[in-house]
2 protein chains.
Amino acid sequence: MNIDDLLVEPEGLEQVEDVLRCFFERSRQRAASVGPGYLGLWETLEACTAGGKRFRPRLVLSAYSLLGGTDLASAALVGASFELLHTAFIIHDDVIDRDFVRRGVPNVSGRYRAIARDAGMAPAAADHIGFSAGVIAGDLALSNAYRLLDRVHTGPATHRRLNEILDEAVFASAAGEYLDIEAMLAPRMPPLEDILHMARLKTSVYSFEGPLQAGAVLAGAEDPLVDCLGDFGRDAGIAFQIADDLLGVFGSESRTGKTNWGDLREGKRTALMSFVADRPEWEEISSLVGSPAMSAADADYVRRVLEDSGAREYSAGLAVDYASRARRHLDSDLVPRGLRDVLQPVASAAVDRTR
Amino acid sequence: MNIDDLLVEPEGLEQVEDVLRCFFERSRQRAASVGPGYLGLWETLEACTAGGKRFRPRLVLSAYSLLGGTDLASAALVGASFELLHTAFIIHDDVIDRDFVRRGVPNVSGRYRAIARDAGMAPAAADHIGFSAGVIAGDLALSNAYRLLDRVHTGPATHRRLNEILDEAVFASAAGEYLDIEAMLAPRMPPLEDILHMARLKTSVYSFEGPLQAGAVLAGAEDPLVDCLGDFGRDAGIAFQIADDLLGVFGSESRTGKTNWGDLREGKRTALMSFVADRPEWEEISSLVGSPAMSAADADYVRRVLEDSGAREYSAGLAVDYASRARRHLDSDLVPRGLRDVLQPVASAAVDRTR
């Protein structure tokens, strides 16, 4: 998932960097006392956390400040917690997807696979060393996401709510990952309803709903407003995912930074595919989609069928529709104007990328 | 690691079962709303947590009650937290070790590998489905270990200490897992010092030190006593691990429930092996130890060499030595008699199993 600069820079973003920097500095010190190898694993984890757009912390901070919160140190801890959660999910997701590269550079598994190969290990064994390092590094990121929340200065009731929100993010994301596995067991294109449910589980909850709700809860927002931000996040996340899947097939590689036929080759289940799977055109492409042998010419052919069948237009319309739904939730009187002004463009920008 | 009934049944053990039962009941309900597959994953996780000896909760509860604690509901939450942590480590450890069976029954990876095979998947792909399910299930257990601690009724300072203790357990165990990986990259028998350090990281911290210290902290114990229990746990854990490794090579299979040449075949780094690796006898067995082709006759030969070289006797003596060190920590005036009486036999029993 590539989230570009959908959000202006909120106050407190530097503090998020400070929290992460201090956390890793302290962790490196501890790890060094175990040995240079463990220190190296922590350095790798730190590198995986560096350089992101901090989209989730931005949402936390925006919701927090624009709902009247002033303890930026605490909000930064919550933001950093979601960032570490994001790192954990990415690392374990790559293990599950057997990916060794992310955004053109070796990920945790890729780095340790290379070390294992240099040590003379056979390919399959080296792969497994890579996965194993990924499992451990992800565990460290996951557990420390909880740890950072503990340090937030607030009352016990707010603390409990923050932990519940983080928990919901873990629960939903694990469900989404599990459903991916299930799909590999029974390869078929699921109905649209299931695809949107999966988008919510894998994208909305931890990337949109959770950060917004956590920021709001920390600022002392009442439940109806927190629910309303959750509704916005759910629909914005779904819009984002549909648009992202469109970009994965039709986007220019130079803009998305990834090949635009990887998704076709792996048979990724998207709204686009679900639409065409229900139509006669599916017969023409079903043997190509999800085939590891797919060529660039095959991909072009599939894209043309998706275009001609109306699947592309349908999906683009669906993304626009979910973005409008998201924006409509913000029309509630509960949402203060400043926050509405910041979040409206998030929903729109998610979709505009596909134009 | 097999820990038998080293500890009498402390008060509160049933509450630990209640906590776990309620936690899984609620989780199953939530998972069912996602779908039957995710529910199945949770049921598998619950099955992995069932039927253990609850050694770590027993330590938590013993320390807590014998240091004057009376809020058994809170102590049970701490105990259940360590039990879930144990489940998480076992599941991810099995992924890393590529094990599909634990104690004679399929583990998480084994169950999902079987499902994938039944669905017609190729062997390597089915293995990876198994590992992936293991990664997700372990993540759920790990994150919920933190969640259970949140529900403990106590002040913020104690809360922070409990979280630090859990964190230390995760940090040390991850380090131990990492060092196992490192060992695969550079197969050599490390010096005894490293082996004992690894035993501490992998066994002492989360199975002995953490539970005892958490129980003590919850009961309001002062730092010197908490430190003293940590010292006991460290040495008792090391004694336990040395003894366990002896059982893994010389134990009767009917008693340990596992083959007594698996450790030899995988070249497990133990005090036993470290001793012989420094002596001329090593040449006779170094090509056998760690060889996947090792036969039962080879194993018998290696055992004889370990016996004749004095490695067995040396290791047994080392275990006895660490058990005495552990007991000596309990001689401190800080440790109340009731707790000493319960913990002394733990250190002794760990070693007696090898007699």
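Residues numbered from 1 in each chain as written. Chains lettered and ligands numbered in written order. Predicted model: local features only at pLDDT ≥ 70, side-chain atom pairs only at ≥ 80, totals over all residues. Heavy atoms only, no water.

What to know about the overall build of chain A
Moving on, step 1. Secondary structure assignment for chain A yields 16 helices and two strands.
Moving on, step 2. Taken over the C-alpha trace, chain A has a radius of gyration of 21 Å; the compact-globule value for 355 residues is 20 Å, and the two agree within 12%.
Moving on, step 3. Each of the three principal axes of chain A carries a C-alpha extent, and together these read 60 × 60 × 35 Å.
Moving on, step 4. Buried residues in chain A amount to 59% of all 355 residues.
Moving on, step 5. A fraction of 74% describes how many contacts in chain A between residues 6 or more apart in sequence connect residues 24 or more apart.
Moving on, step 6. Accessible surface computed for chain A: about 14100 Å², of which carbon and sulfur atoms make up 49%.
Moving on, step 7. Put simply, chain A has 38 plus and 53 minus side-chain charges, and the middle of one group is 3 Å from the middle of the other. (Helix = DSSP H or I, 4+ residues; strand = E, 2+ residues; numbered from the N terminus. Rg over C-alpha atoms; globule rule 2.2 N^0.38 Å. Buried < 20%, exposed > 50% of the residue type's maximum accessible area, 1.4 Å probe, protein only. Contact = heavy atoms within 4.5 Å. Areas by Shrake-Rupley, 256 points an atom, 1.4 Å probe, with all protein chains shown as cover. Lys, Arg positive; Asp, Glu negative; His and termini not counted. Charge placed at Lys NZ, Arg CZ, Asp CG, Glu CD.)

Describing the nonpolar core
Moving on, step 1. Residues A:Tyr38, A:Leu85, B:Tyr38 and B:Leu85 are the most contacted members of the largest nonpolar core, which totals 203 residues.
Moving on, step 2. Not counting residues up to four positions away in its chain, the partners in contact with B:Tyr38 are A:Phe171, A:Ala174, A:Ala175, A:Tyr178, B:Ala31 and B:Leu140. (Core = buried A, V, L, I, M, F, W, Y, C linked by side-chain atoms within 4.5 Å.)

Structural notes on the domain arrangement of chain A
Residues and elements named next belong to chain A.
Moving on, step 1. Domain annotation of chain A identifies domain 1 (1-153) and domain 2 (159-355).
Moving on, step 2. For domain 1 and domain 2, the distance between their C-alpha centroids amounts to 23 Å.
Moving on, step 3. Contacts between the two partners involve 32 residues from domain 1 and, on the opposite side, 41 residues from domain 2.
Moving on, step 4. When the two sides are added together, the surface that domain 1 and domain 2 hide from each other amounts to roughly 3100 Å², 75% of it contributed by carbon and sulfur.
Moving on, step 5. Taken together, the connections running from domain 1 to domain 2 amount to one salt bridge.
Moving on, step 6. At the junction of domain 1 and domain 2, the tally comes to three residue pairs in polar contact (both at pLDDT 80 or more).
Moving on, step 7. The element contributing the most residues to the side of domain 1 that touches domain 2 is helix H4 (residues 72-96), with 10 residues.
Moving on, step 8. Here the residues of the side of domain 1 that touches domain 2 are counted per class, giving 22 nonpolar, six polar and four charged. (Domains from an automatic or database assignment. Buried area = accessible area lost by both parts, 1.4 Å probe. Salt bridge = Lys/Arg side-chain N within 4 Å of Asp/Glu carboxyl O. Polar contact = N/O pair within 3.5 Å; in protein donor to acceptor, adjacent residues only side chain to side chain. Nonpolar A, V, L, I, M, F, W, Y, C, P; charged D, E, K, R; others polar.)

Observations regarding the packing of helix H9 (residues 223-250) of chain A against helix H15 (residues 311-329) of chain A
All names here are of chain A.
Moving on, step 1. For the pair H9 and H15, interaxial distance at closest approach is 8 Å and the crossing angle is 160°. Judged by the inter-axis angle, H9 sits roughly antiparallel to H15. In this structure, H9 crosses over H15, and the sense of that crossing is left-handed. Side by side, H9 and H15 meet where Cys228, Asp231, Phe232, Arg234, Asp235, Ala236, Ile238, Ala239, Ile242, Ala243, Leu246 and Phe250 of the first sit next to Arg312, Ser315, Ala316, Leu318, Ala319, Tyr322, Ala323, Arg325, Ala326, Arg327 and His329 of the second. (Axes fitted to C-alpha atoms, helices over the stretch in contact; angles between N-to-C directions. Parallel < 35°, antiparallel > 145°, perpendicular 65-115°, else oblique. Left-handed = near helix turned anticlockwise from the far one by under 90°.)

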